[in-house]
Amino acid sequence: MKLDRAVLEGRNLSQVVVKGADFSDASLRHTNFIGANLTKSVFPKVFGAVFSVAYSPDGELFAVADGNCEISIWFARNDRQILKCKGHNNWIRSVVFSPDAQILASASYDHTVRLWNAATGVCIKILEEHSTRVNSVAFSPDGKILASASRDRTIKLWNTSTGECLKTLENISSINSVVFSPNGKTVAAAGKDKTVKIWDIVTGKCLKNFEEHTDSIRSVLFNLDGTTLISGSRDKTIKLWDIATGECLKSFEGHTDTVRSVAIHPEYQILASSSNDKTVKLWNLKTGECLKNLQGHTSWIPSIAISPDGTNLISGSDDQTVRKWDINTGKCLNILQGSTSWVRSVAISPNGKTLASCSEDTTVKLWDFATGKCLKTLQGHRSKVNSVAISPDGSILASCSYDRTIKLWDINTGKCLKTLSVHTGGVNSVAFAPDAITIISGSGNDKINVWDASTGDCIKTLQGHTDWVWCVVSSPDNKILASSSYDKTARLWDIHTGECLNIIQGHTLMVSALAISPDSCIIASASGDQTVKLWNIHNGECLKTLYGHLDWVNAVAFSPDGQFLISAGNDAQIIIWDIHTGECIRTLSGHSSWVNTVIFSPDSQTIVSGGRDETIKVWDFQSGKCLTTLDNRLYASMNITSVKGLTEAEKATLKALGAVEDGE
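Only a predicted model underlies this, so the values are computations on that prediction, with no experimental measurement involved. As a convention, each chain's residues are numbered from 1 in the sequence order in which they are written. Predicted model: local features are reported for residues with pLDDT of at least 70 only, side-chain atom pairs are reported and counted for 80 or more only, and whole-chain, interface and lining totals are derived from all residues. Remark: hydrogens and water are excluded; side-chain values derive from all non-hydrogen atoms of the structure.

## Quick word on the state of the cysteines
Linking two cysteines covalently through their sulfur atoms gives a disulfide.
Here is step 1: Disulfide assignment relies on a single distance test, namely cysteine sulfur atoms paired within 2.5 Å. As enumerated under the stated definition, the model contains 0 disulfides in all.
Here is step 2: Left unpaired, Cys-123 is separated from the closest cysteine sulfur, that of Cys-85, by 8.7 Å.
Here is step 3: Per-residue accessibility, obtained with a 1.4 Å probe over protein chains only, is compared with the maximum for each type, and a residue is labelled buried under 20%, exposed over 50%, and partly exposed between these values. A residue is classified by how much of its surface remains accessible, and Cys-123, at 26% relative accessible area, is partly exposed.
Here is step 4: You can see Cys-248 has no disulfide; the closest cysteine sulfur is in Cys-206, sitting 18 Å from it.

Structure follows, in structure tokens:
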């Protein structure tokens, strides 16, 4: 029985029996299910971006690691979730089962490796000697040794029984992937230096070095008999190497972007690969022929795994889904769909009455800023929505998405007025110019588009960045358009002619966000290098560098009077800065995870922030006190106390979407 999205919101369904109900699209905010029987009812399966998938050696289970810092374990035969493993506090980039399927190992950006009991989900060991993020883990064939590879340029070999670090192998650059040979005597590792190396695990000596890739290598594995090695690279190729001679036997070409993961069929000469081009390809390992092209994911695919019996392949994607494929037919058998509601961007109407937010659940919401009530949910985007902006007259809302479109909405009615769709990559940022007619957008195809809002026509396309454009803003005097990019630069453009006026350089990692002061004299930039910089907008001179964040900085905004700047980042902190002195005035703490967006209200009295914890918070500027928290989750305050028919893992999933149990 499929239930309508809205009919159950706020209803009292305590003690009712609703066996076999399909709640996958229902909004159950504030719905009371105390004592209800929900046996065989269907709820969304929650993922963030999926970074790693793995089958157990017996094929009974598969594991999924995602951007929610969680690992979920599933029965492979019916795709039913049975366990969640929680403990990491940053992205989990790699998971793998031990040869006996008793232990699950995970590697995380939190600098640790964890060992979990695969039957209970309990963490049994934390391995903590890496100095930065850990990208890959692999078990030896006998399960006694675990190898971990890190951005700190090392491979560490661990005793899986004691947790002791047995040996550290030093590399010259960051390592993305590590794997044991079938005989367990060597490990192969590859990474940023474009080479594959084979190491003797006893002596620690590097035995061989394979050099033909032209860019960093993302994945490496041995074939089943250990005579050849396979590597996938950012140079869009997969290479097959003869281990004895070091010769590159074959180069598989067909992907149009980075090859993220490779897997080999347990019986047949079939190689599988996944890519940033959103496809999984199956290849004939002998001839190099591409046998099948599996399409369906809407974003890059970091990980694939083939079932031990060779019948199925699972793929995990940034689009928050895991797909199961039939290898023989290439048909997608099932989609395990995520339903996370990370808040990506917020905007306030000029009169301060309406708050807009957008989320990874593909929706845009309009809220009454005074009461915190959700007024409307705008649906139409087919992928996560990255940015929202409100026109200077407060009548139109613009939203942009990874579905490559910008949508214009009537704020009063919620009706979609226009869809702008020239971009060939996901659209990361959208902004109105002060004239209320011009719209600016930046995308993953390195381009900036300028639009006429009244006609929906693309007026001009600005090119110059060499990587994704993350943020676009307009100066209040309507003269300058600013853009920031993954290429570590910001660019200033004449908004009328499209001429590039200046290139701002100084950050050491991507420039994630920009803001221009009300007097159009200063531009602030936020970066993955954990700093905020203030620049003279006329000559590009760096005026100040603000230090205080402990992780990537995602957002910056000036106060309407131009006296203060706020910044927010992956350290879950919001910092208020004095523009003139560069001093930190106050730090706002309350979000439990990354803060993705932050703005001032038009009267400068409050600050609004949104983040990965799926909440929007309103703060008093003077005191720093959190005044209101708006829960963006689909099942906010749904009461599941004493419900029957749900596993503990299913209850954990519902709680991740906002459900509560009395006493918690």
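## Remarks on empty space enclosed by the protein
Here is step 1: With a 1 Å grid laid over protein atoms only, a set of points is called a cavity when a 1.4 Å probe fits there but cannot get out and a pocket when it is open yet has protein on both sides within 12 Å along at least five of seven lines; lining residues have an atom within 4 Å of a point. Grid points are joined across faces, edges and corners, and a volume is the space filled by probe spheres set on the points. Evaluated as defined, the whole model comprises 2 cavities of 30 Å³ or more.
Here is step 2: A volume near 40 Å³ is recorded for the largest cavity.
Here is step 3: Along its surface, the largest cavity is lined by Ile-155, Asn-171, Ile-175, Ala-189, Ala-190, Gly-191, Asp-193, Thr-195, Lys-197 and Trp-199.
Here is step 4: For the lining of the largest cavity, the secondary-structure elements that each account for two or more residues are strand S14 (186-191) and strand S15 (196-200).
Here is step 5: To qualify as a helix, a DSSP run of H or I must reach at least 4 residues; to qualify as a strand, a run of E must reach at least 2; elements of each kind are numbered from the N terminus. Broken down by element, the residue count for the lining of the largest cavity peaks at 3 residues, all from S14.
Here is step 6: Class assignment for the residues of the lining of the largest cavity results in 5 nonpolar, 3 polar and 2 charged. Each residue is assigned to one of three groups, with Ala, Val, Leu, Ile, Met, Phe, Trp, Tyr, Cys and Pro labelled nonpolar, Asp, Glu, Lys and Arg labelled charged, and all others, Gly among them, labelled polar.

## Observations concerning the sheet that holds strand S6 (residues 103-108)
Here is step 1: If you walk across this open sheet you meet the 4 strands as S5-S6-S7-S8, and the pairing is antiparallel. A single partner strand is all that each edge strand has here, and the edge strands are strand S5 (92-97) and strand S8 (123-127). Averaged over all neighbouring strand pairs, the angle between strand axes comes to 20°, with direction disregarded.
Here is step 2: Any two strands with at least two DSSP-identified bridges between them are counted as paired. The sheet contact formed by S6 and strand S7 (residues 113-117) spans 5 bridges and is antiparallel. In the sheet register, Ala-107 faces S7, and the bridge partner there is Val-113. Here an angle of 0 to 180 degrees is reported between the N-to-C directions of two axes, which are lines fitted to C-alpha atoms, with helices fitted over the stretch in contact.

## Digging into the sheet that holds strand S53 (residues 595-600)
Here is step 1: In spatial order, the strands read S53-S54-S55-S56; together these 4 strands make up an open sheet with antiparallel pairing. Edge positions in the open sheet fall to S53 and strand S56 (626-631), since each of these has one partner strand only. The average angle at which neighbouring strand axes cross in this sheet is 15°, direction not considered.
Here is step 2: Bridge count between strand S54 (residues 606-611) and strand S55 (residues 615-620): 5 bridges; the pairing is antiparallel. The residue bridging Val-608 from the neighbouring strand is Val-618, located in S55.

## Examining the nonpolar core
Here is step 1: Definition of nonpolar core: a set of buried residues of the types Ala, Val, Leu, Ile, Met, Phe, Trp, Tyr and Cys, connected through side-chain atoms within 4.5 Å. Ranked by size, the top nonpolar core spans 19 residues in total, and within it Phe-23, Phe-33, Leu-38 and Tyr-635 carry the most contacts.
Here is step 2: Listed in part, the 15 residues of the second largest apolar core include Ile-522, Val-532, Trp-577 and Ile-579.

## Focus on the layout of surface pockets
Here is step 1: Within this model, the second largest pocket holds a volume of roughly 1,400 Å³.
Here is step 2: When residues of the lining of the second largest pocket are traced back to their parent elements, those giving at least two are strand S1 (50-55), S5, strand S9 (134-139), strand S13 (175-180), strand S17 (217-222), strand S21 (259-264) and strand S25 (303-306).
Here is step 3: Considering only residue class, the lining of the second largest pocket consists of 31 nonpolar, 15 polar and 3 charged.

## A short note on the environment of Lys-384
Here is step 1: Looking at where Lys-384 falls in the secondary structure, it is placed in the loop between strand S32 (374-378) and strand S33 (385-390).
Here is step 2: Each C-alpha atom of the pair Lys-384 and Asp-403 lies 7.5 Å from the other, and the pair is 19 residues apart in sequence.
Here is step 3: Residues are treated as being in contact if the distance between any of their heavy atoms lies within 4.5 Å. If we skip the residues at most four places from it in the chain, Lys-384 touches Asp-318, Gln-320, Ser-359, Glu-360, Thr-362, Ser-401 and Tyr-402.

## Remarks on the pattern of salt bridges
Here is step 1: Put simply, a salt bridge is a Lys or Arg side-chain nitrogen that is within 4 Å of an Asp or Glu carboxyl oxygen. Applying the stated criterion across every chain, the model contains 6 salt bridges.
Here is step 2: Across the salt bridge formed by Glu-70 and Lys-86, the nearest N and O atoms sit 3.5 Å from each other. Highlighted residues: Glu-70 in strand S3 (residues 70-75) and Lys-86 in strand S4 (residues 80-86), separated in sequence by 16 residues.
Here is step 3: Look at Glu-70 and you get buried, because its relative accessible area is 12%.
Here is step 4: Residue Lys-86 is classed as partly exposed on the basis of its relative accessible area, which comes to 49%.
Here is step 5: The structure contains a network of salt bridges with shared partners spanning Glu-70, Lys-84 and Lys-86.

## Structural notes on the side chain of Ser-150
Here is step 1: Tracing the backbone through its elements, the reader meets Ser-150 in strand S10 (residues 145-150).
Here is step 2: Within 3.5 Å is the distance limit for a polar contact, defined as a pair of N or O atoms, with the added protein rule that one can donate a hydrogen and the other accept it, and that residues adjacent in sequence qualify only through two side-chain atoms. Within the structure, Ser-150 has its side chain in polar contact with the backbone oxygen of Arg-133 (distance 2.8 Å).
Here is step 3: Polar contacts involving the side chain of Ser-150 include one to the main-chain amide nitrogen of Asp-152, which spans 2.9 Å.
Here is step 4: In contact with Ser-150, other than residues within four places in its own chain, are His-130, Thr-132, Arg-133, Val-134, Asn-135, Ser-174 and Ile-175.

## Some points on the pairing of strand S24 (residues 290-295)
Here is step 1: The pairing of strand S23 (residues 279-284) with S24 spans 5 bridges and is antiparallel. Counted as the bridge partner of Val-280 is Leu-294 from S24.

## As for unusual backbone geometry
Here is step 1: Of note, Arg-404 is a non-glycine position whose phi angle comes to about 75°, a positive value.
Here is step 2: One can find Arg-404 in the loop between strand S34 (396-401) and strand S35 (406-410).
Here is step 3: Even without being a glycine, Glu-614 presents a positive backbone phi close to 70°.
Here is step 4: Positionally, Glu-614 belongs in the loop between S54 and S55.

## Structural notes on a positive patch on the surface
Here is step 1: Residues Arg-151, Arg-153, Lys-192 and Lys-488 make up a contiguous surface patch of positive charge.
Here is step 2: Here Lys-488 is to be found in the loop between strand S42 (480-485) and strand S43 (489-494). Like-charged residues within 9 Å of one another, or nonpolar side chains (Val, Leu, Ile, Met, Phe, Trp, Tyr) within 5 Å, are grouped into patches, provided each residue has over 30% relative accessible area and no salt bridge. Using the Shrake-Rupley algorithm and a 1.4 Å probe, accessible areas are obtained, with residue cover drawn only from the displayed protein chains. Counting rule applied: Lys, Arg positive; Asp, Glu negative; His and chain ends not counted. Where a charge lies is defined by one atom per residue type: Lys uses NZ, Arg uses CZ, Asp uses CG and Glu uses CD.

## Details of the pairing of strand S20 (residues 248-253)
Here is step 1: Examined bridge by bridge, strand S19 (residues 237-242) and S20 share 5 bridges and lie antiparallel to one another. Bridge pairing in S20 places Lys-239 opposite Ser-251.
Here is step 2: In this structure, the hairpin formed by S19 and S20 is closed by a connection of 5 residues, where Gly-246 is found at a positive phi of approximately 80°.

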